[in-house]
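Coordinates in review
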Amino acid sequence: MGEVLKIRTTKHTSIVNITHQVAEVVKKSGIKEGICVVYTPHTTACVFVNEGADPDVVRDFVHTLEKLIPWNDPNYTHMEGNSAAHIRSAIIGNSRVIPVIDGQLALGTWESIFLADFDGPRERRVLVFVIGEKQ
Amino acid sequence: MGEVLKIRTTKHTSIVNITHQVAEVVKKSGIKEGICVVYTPHTTACVFVNEGADPDVVRDFVHTLEKLIPWNDPNYTHMEGNSAAHIRSAIIGNSRVIPVIDGQLALGTWESIFLADFDGPRERRVLVFVIGEKQ
Amino acid sequence: MGEVLKIRTTKHTSIVNITHQVAEVVKKSGIKEGICVVYTPHTTACVFVNEGADPDVVRDFVHTLEKLIPWNDPNYTHMEGNSAAHIRSAIIGNSRVIPVIDGQLALGTWESIFLADFDGPRERRVLVFVIGEKQ
């Protein structure tokens, strides 16, 4: 059972906490034990799980990505000029998988699910897909 | 239901678009709603999803990996001399998970599935594994 | 079917081979064909798959992470001072997915499953979750 979230990002690099929306889809699915795939079908965005409490964590993540995989690099050849976004997405990955136990996402205390848009602002889609047993 | 693809790579670093072969396995499986795991059982290769239309995207990805995790580093200790390939594989990951909806991979318009061999040329295996409902 | 492993790490950066414990959970589950999700619910740790035979591979992995995402960076803003651990976890990922075939993890010859703790020593949890057919 799947549902597509539509997320409007507002900046060139946007990190959006989508935990609440993903949890809603899991709840609606009625699945008690299974797995939830959070999947973004874009090549310049990614999905990851990390701390959602302190926004400085996300800020340091963005700082480090810009340092490692800078937006501008004279060696990039892709004409659209957004190679950095593609490379970040390919390395980090366009999905995360989270177990569903007792009808809930098995997230740790500090864990949130994020969509990262590296070439916004745009409307981005995130497919939340749940499989398992309804019992 | 699973099938093993055998991919002959031709260069030391080879990025091979395997989308078509993965889609064939999904079709053969008869599964209408579920998930597809694309898994390479090698420690110097990885699987990722990104743009398949412009080959420059993959070229820039390879350039950046060589810059960040260079083949030669005097501090590497692994005797086989291929630490860079192991590290790239460990970070990027040896698998990706893609939802299957209406009997098809839920890939975005620009998304392709790639096998990256960082220590070729070799024959590499990719396990395509599909679970879900046939309805 | 899931089980929580408790892993006591002993150093600030600890890479622990947990393959044997994961395989035990798969065996106990009785599942013959399916997938195993290895998931750590922490934001300063990660799960990855790579070579377990030569400990130098893991050493070179740790060396490279410290070079790319150093523990100290004057630009980090997160007050707890462990941004590097969060960033490594977010990029590498907090889980891996492994197919289960004939009741066994479909790991390659050289593959092991690792928990990486980037901000230890601590007691870390790893959720091993298996879904599929018992046949």
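See the structure above.
The following paragraphs examine the structure supplied in this document. (Residues numbered from 1 in each chain as written. Chains lettered and ligands numbered in written order. Predicted model: local features only at pLDDT ≥ 70, side-chain atom pairs only at ≥ 80, totals over all residues. Heavy atoms only, no water.)

Looking at the sheet that holds strand E2 (residues 14-17) of chain C
All names here are of chain C. We count it as follows: Think of it this way: DSSP has to see at least two bridges between two strands before they count as a pair. Segments assigned H or I by DSSP are reported as helices when at least four residues long, segments assigned E as strands when at least two residues long, and all are numbered from the N terminus. Only the contacting stretch of a helix is used when fitting its axis, a line to C-alpha atoms as for every element, and angles between N-to-C directions run 0 to 180 degrees.
The strand order across the open sheet built from three strands is E2-E7-E4, with neighbouring strands paired in antiparallel fashion. This sheet does not close on itself; its edge strands, each paired only once, are E2 and strand E4 (45-51). Averaged over all adjacent pairs, the angle separating strand axes in this sheet is 30°, with direction ignored. Sheet topology note: the E2/strand E7 (residues 111-117) ladder contains four bridges and is antiparallel.

Considerations on the interface of chain B and chain A
Formally: Pairs of residues are marked as contacts when any of their non-hydrogen atoms sit within 4.5 Å. Once two parts are put together, the accessible area they lose, assessed with a 1.4 Å probe and summed over both, is termed the buried area. Salt bridges are identified by distance alone: a Lys or Arg side-chain nitrogen within 4 Å of an Asp or Glu carboxyl oxygen.
Taken residue by residue, the interface counts 32 residues in chain B and 32 residues in chain A. A buried area of about 2,500 Å², summed over both sides, lies between chain B and chain A, and 62% of it is on carbon and sulfur atoms. It is B:Asn50, B:Asp60 and B:Glu111 in chain B that bury the most area against chain A; as a group they hold 19% of the surface buried on that side. One can count one salt bridge joining chain B with chain A. The shortest N-O distance in the salt bridge between B:Lys67 and A:Asp73 comes to 2.9 Å.

Some thoughts on the packing of helix H3 (residues 83-92) of chain B against helix H2 (residues 55-68) of chain C
Using the following cut-off: Small angles under 35 degrees read as roughly parallel and large ones over 145 as roughly antiparallel, with 65 to 115 read as roughly perpendicular and the rest as oblique. Think of it as three bins: nonpolar holds Ala, Val, Leu, Ile, Met, Phe, Trp, Tyr, Cys and Pro, charged holds Asp, Glu, Lys and Arg, and polar takes everything else, Gly as well.
Viewed as axis vectors pointing N to C, H3(B) and H2(C) meet at an angle of 70°, and their least axial separation amounts to 9 Å. On the basis of the axis angle, H3(B) is roughly perpendicular to H2(C). Facing B:Ser83, B:His86, B:Ile87, B:Ala90 and B:Ile91 of H3(B), the residues of H2(C) in contact are C:Val57, C:Asp60, C:Phe61, C:Thr64 and C:Leu65. Split into classes, the residues belonging to the contact of H3(B) with H2(C) amount to six nonpolar, three polar and one charged.

Digging into the relation of the copies chain B and chain A
What counts, and what does not: Only residues with pLDDT of at least 70 in both copies contribute their C-alpha atoms to the least-squares superposition of the copies.
By a simple turn and slide, chain B fits onto chain A: the slide is 0.0 Å along the axis, the RMSD is 0.0 Å, and the turn is 120°. The relationship between the two copies is best expressed as a three-fold rotation axis. If distances are taken from each C-alpha of chain B to the rotation axis, the shortest is found for B:Ile92, at 3.7 Å. The overlap is low: 19% of the interface residues of chain B also sit at the interface in chain A, so different surfaces are used on the two sides.

Thoughts on the interface of chain A and chain C
Quick reminder of the rule: Contacts described as polar in this section are N or O atom pairs within 3.5 Å, which, within protein, must combine one atom able to donate a hydrogen with one able to accept it, while residues neighboring in sequence count only if both atoms come from side chains.
Taken together, the contacts link 32 residues of chain A with 32 residues of chain C. Of the roughly 2,500 Å² buried between chain A and chain C, counting both surfaces, carbon and sulfur atoms make up 62%. Between chain A and chain C we count one salt bridge in total. Taken together, the links from chain A to chain C amount to 14 residue pairs in polar contact (both at pLDDT 80 or more). Listing elements by their share of the side of chain A that touches chain C, those giving two or more residues are strand E3 (33-39), strand E4 (45-51), helix H2 (55-68), helix H3 (83-92) and strand E5 (95-101) of chain A. Per element, the largest residue contribution to the side of chain A that touches chain C is ten residues, and it comes from H2(A). In terms of residue class, the side of chain A that touches chain C is made up of 18 nonpolar, five polar and nine charged.

It is worth stressing that arrangement in space is one thing and function is another; only the former is reported here.
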